[in-house]
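Analysis of the macromolecular model
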Amino acid sequence: MRLLAKQHDLFIGTAADPGYLQNDSAASQLLAREFNMLVPEVAMKWEIIHPEPERYDFSRGDALVTFARQHGMAVRGHVLVWDLQMPAWVTNGQFTRQEWMQILCTHIKSVVSHYRGQIYAWDVVNEAVNQDGTLRNTFWMNKLGPEHIAMAFQWAREADPNAKLFYNDNGGEGLNPKSQGIYALVQGLQQTGVPIDGVGMQMHTSLGGAPPAIELSANMQRLAELGLEIHITEMDVRLQYSTSDNETKLAQQADIYQQVLSVCLSVHNCKAFLTWGLTDRYSWIPGFTGKPDAPLLYDKDGVPKPAYFAIVKLLANQ
Ligand code: G3I
């Protein structure tokens, strides 16, 4: 898959965790053989990487970056500004506005400079927009107001001028109030000279829940026309809400993966396609929904599913 992706000048990637790279050699071989990009699923989140005010722990992020370098893979950095997986010293902290600004600035600059030159693109701000297109009342919105978004991009650029800087979100892939809000946000950032290079579309979806291809294409196209790069950053396709038989579900899942990739290949600025987990064994979905599922390209044993073959076929024939 990774060789075929290279012919399209496409990064094909997945979320990874150092835990399974150490303990599951079949998984790490699969990762290196099939993908040319990885993104840490949790290893670079604030709670892990900056657990105390004066202490950073880069060990897990470093393990992934080293693995990627050893195997000629690019890395997406994830994530600098988000309100989940934050350490208690931040969530319970009592600081002035000035101090909060200093805390966010120091965090972004320390993490981005640690990985300077090794990250293809950073998710600088994640999930800051509501379904209705307005800005969410996130932790950082609350502490610093909407200007924290521009500041975050600026600080990230200062710390690594060569990393591409992304806004990343879920549910704004098709045409709807949310994607309209994201479009307005990133266009506004550009117009005021904020250094933003791309938009990540997470694409956590399900059978029957994927955005229509025509809408996805139109949305990607309008972002591409702003000169922005587009990545599908966290794709998975849940099966659990369907009552069809397993074979039908897997075929429908394959169609959805193929359709999304096909749109990406048709938009010249869509440069990366990543799933959120290597195999069904490592998906976050069963833990999150409390129900078994199989949302990825490989089953629990790393055996390729119809979705994998659909992607390979598309890459080989286009
Ligand atoms: O590692 C600890 C473990 O030591 C501890 O015993 C256990 C008890 O709760 O928690 C473990 O950490 C969990 C971590 O995943 C590691 O798997 C966290 O509780 C849990 O909150 C965390 O969930 C992650 C979630 O983001 C929050 O960071 C998911 O794995 C991860 O898939 C999910 O990914 C997000 C993207 O970053 C952004 N887009 C949406 C996507 C899905 O929610």
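Structure shown above.
An account of the accompanying structure is given in this report. (Residues numbered from 1 in each chain as written. Predicted model: local features only at pLDDT ≥ 70, side-chain atom pairs only at ≥ 80, totals over all residues. Heavy atoms only, no water.)

1. Here we look at the overall build of the protein chain
Secondary structure summary: the protein chain contains 14 helices and 9 strands in total. What you see for the protein chain is a C-alpha radius of gyration of 19 Å, in line with the 20 Å of a compact globule of 318 residues. Each of the 318 residues in the protein chain was classed as buried or not, and the buried ones make up 57%. Intrachain contacts of the protein chain at a sequence separation of at least 6 include 77% that bridge at least 24 residues. (Helix = DSSP H or I, 4+ residues; strand = E, 2+ residues; numbered from the N terminus. Rg over C-alpha atoms; globule rule 2.2 N^0.38 Å. Buried < 20%, exposed > 50% of the residue type's maximum accessible area, 1.4 Å probe, protein only. Contact = heavy atoms within 4.5 Å.)

2. Quick look at the state of the cysteines
Taken as a whole and judged by the stated rule, the model has 1 disulfide. A disulfide bridge connects C264 with C270, and the sulfur atoms are separated by 2.1 Å. Here the S-S torsion is close to -95°, and the disulfide linking C264 with C270 is therefore left-handed. Among the residues examined, C264 registers a relative accessible area of 1% and is labelled buried. (Disulfide = S-S within 2.5 Å.)

3. Quick word on the nonpolar core
By size, the foremost hydrophobic cluster in this structure holds 101 residues, and its most contacted members are M1, W122, W140, F153, Y167, M220 and F273. Tallying contributions element by element places helix α12 (residues 246-266) first for this core, with 8 residues. Formed by 7 residues, the second largest nonpolar core is a distinct cluster that contains A15, V39, A74 and W276. (Core = buried A, V, L, I, M, F, W, Y, C linked by side-chain atoms within 4.5 Å.)

4. Observations regarding α12
Its 21 residues place the ends of α12 30 Å apart at the C-alpha level, agreeing with the 30 Å of an ideal helix rising 1.5 Å per residue. All of the buried residues in α12 are K249, L250, Q253, A254, I256, Y257, V260, L261, V263 and C264. Against the buried residues of α12 lie β7 (204-206), α11 (213-225), β8 (229-238), β9 (270-275) and α14 (306-317). (Expected span 1.5 Å × (residues − 1).)

5. Here we look at the site of the ligand
Contacts to the ligand come from 13 residues, most closely from E41, K45, H78, Q85 and E234. Here a nitrogen atom of the ligand and a side-chain polar atom of E127 are 2.9 Å apart. In this structure, an oxygen atom belonging to the ligand sits 2.9 Å away from a side-chain N or O atom of W276. The fraction of the free accessible surface of the ligand (780 Å²) that becomes covered by protein chains is 51%. (Near = heavy atom within 4 Å. Polar contact = N/O pair within 3.5 Å; in protein donor to acceptor, adjacent residues only side chain to side chain. Areas by Shrake-Rupley, 256 points an atom, 1.4 Å probe, with all protein chains shown as cover.)

6. Details of the packing of aromatic side chains
Enumeration according to the criterion identifies 14 aromatic pairs in this entry. Clustering of aromatic rings is evident, with ring pairs tying together W46, W89, F95, W100, F139 and W140. A cation over a ring is seen here: R76 above F166, with NZ or CZ 5.0 Å from the ring centre. The ring of Y183 carries the charged tip of R222 above its face, separated from the ring centre by 4.9 Å. (Phe/Tyr/Trp six-rings, centres within 6.5 Å; stacked < 30°, edge-to-face > 60°. Lys NZ or Arg CZ within 6 Å of the ring centre and 35° of its normal.)

7. Observations concerning the environment of K313
Looking at the secondary structure, you find K313 in helix α14. Put simply, K313 and L4 are 309 residues apart on the chain and 9.6 Å apart in space, counted from C-alpha to C-alpha.

8. Focus: the packing of α11 against α12
Where α11 contacts α12, the two axes come as close as 10 Å, and the packing angle between them is 30°. Taken together, the axis directions place α11 and α12 in an arrangement best described as roughly parallel. Here the hand of the crossing between α11 and α12 comes out right-handed. Two secondary-structure elements touch here, α11 through A213, L216, S217 and M220 and α12 through Q259, V260, V263 and C264. For the contact of α11 with α12, a count of residues per class yields 6 nonpolar, 2 polar and no charged. (Axes fitted to C-alpha atoms, helices over the stretch in contact; angles between N-to-C directions. Parallel < 35°, antiparallel > 145°, perpendicular 65-115°, else oblique. Left-handed = near helix turned anticlockwise from the far one by under 90°. Nonpolar A, V, L, I, M, F, W, Y, C, P; charged D, E, K, R; others polar.)

9. Description of the side chain of D293
For D293, the location among the structural elements is in the loop between α13 (285-289) and α14. For D293, which is buried and forms no salt bridge, the nearest opposite charge comes from R238, at a distance of 5.6 Å. Separated by 2.8 Å, the side chain of D293 and the backbone nitrogen of L239 make a polar contact. Here the side chain of D293 touches Q240 through a polar contact of 2.7 Å, side chain to side chain. Those residues in contact with D293 that sit more than four places away from it in its chain are R238, L239, Q240, I285, P286 and K300. (Lys, Arg positive; Asp, Glu negative; His and termini not counted. Salt bridge = Lys/Arg side-chain N within 4 Å of Asp/Glu carboxyl O.)

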